[in-house]
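Results of the structural survey
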Amino acid sequence: MAVERLRSCDDVNELAQGLGATRRCLYKWRVKLETIEPGEDASRPSAHTSSYRKQIHQLKRMLAEKAMEVDFFKGALQKVAARRQKKDGTGGMASTTKCEK
């Protein structure tokens with residue numbers, strides 16, 4: 001409501017004094033309201049929300065690292081399997097030890 005009055009007033013000092021706020025505060029409110037998406041809550045995020053966002057960011061980063069590790073190990077296993085098939089002429093998996101009787 002204060003921001004709407006700010007947009008249509010002639011004397012910002014008088015408006016700020018009447019509202020018990022500073023001019024700077026009124027301008028900050030205006031900028032904040034201009035950057036908010038329609039339907040988004042204009043309130044300041046709580047400490048819990050900020051903490052949850054940090055935790056989500058950390059978990060996403062950890063998940064990405066684990067996905068990269070899985071890709072690396074899949075590639076390594078494919079290379080090992082290909083080498084084993086090259087050593088064994090039949091195309092099957094080569095035995096690691098041979099049993100002679």
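Report follows, based on the coordinates.

Rules used in this analysis
Numbering of residues begins from 1 in every chain and follows the order in which that chain's sequence is written. In keeping with the model being predicted, local features are shown solely for residues with a pLDDT of at least 70 and side-chain atom pairs are shown and tallied solely at 80 or more, while totals for entire chains, interfaces and linings include all residues. Only hydrogens and water are set aside; all other atoms, that is, all heavy atoms of the structure, feed into the side-chain values. Each helix corresponds to a stretch of at least 4 residues labelled H or I by DSSP, and each strand to a stretch of at least 2 residues labelled E; elements are numbered beginning at the N terminus. Note on classification: 1.4 Å probe, protein chains only; a residue is buried when its accessible area is under 20% of the maximum for its type, exposed when over 50%, partly exposed between these limits. Residue exposure ignores everything except the shown protein chains as possible cover, and the areas themselves are Shrake-Rupley values with a 1.4 Å probe. Between Lys or Arg on one side and Asp or Glu on the other, a salt bridge is scored when a side-chain nitrogen of the former is within 4 Å of a carboxyl oxygen of the latter.

Once that is clear, we can look at the overall build of the chain. A count of helical and extended segments in the chain gives four helices and zero strands. Scanning the chain from its N terminus toward the C terminus, one meets helices and strands in the order α-α-α-α. Here the chain holds 101 residues, and 10% of them are scored as buried. Total accessible area on the chain is roughly 9500 Å²; 55% of this is exposed by carbon and sulfur atoms.

All chains considered together, the criterion is met by two salt bridges. Salt-bridge contacts for E4 lead to R7; the nearest nitrogen and oxygen are separated by 2.8 Å. Linking E4 with R7, this pair stays in helix α1 (residues 2-8), spanning three residues, or about one helical turn. Of the charged contacts, one joins E69 and K66 as a salt bridge, the two residues approaching to 3.6 Å between their closest N and O atoms. Residue E69 and its partner K66 are located together in helix α4 (residues 47-87), separated by three residues, close to a single helical turn.

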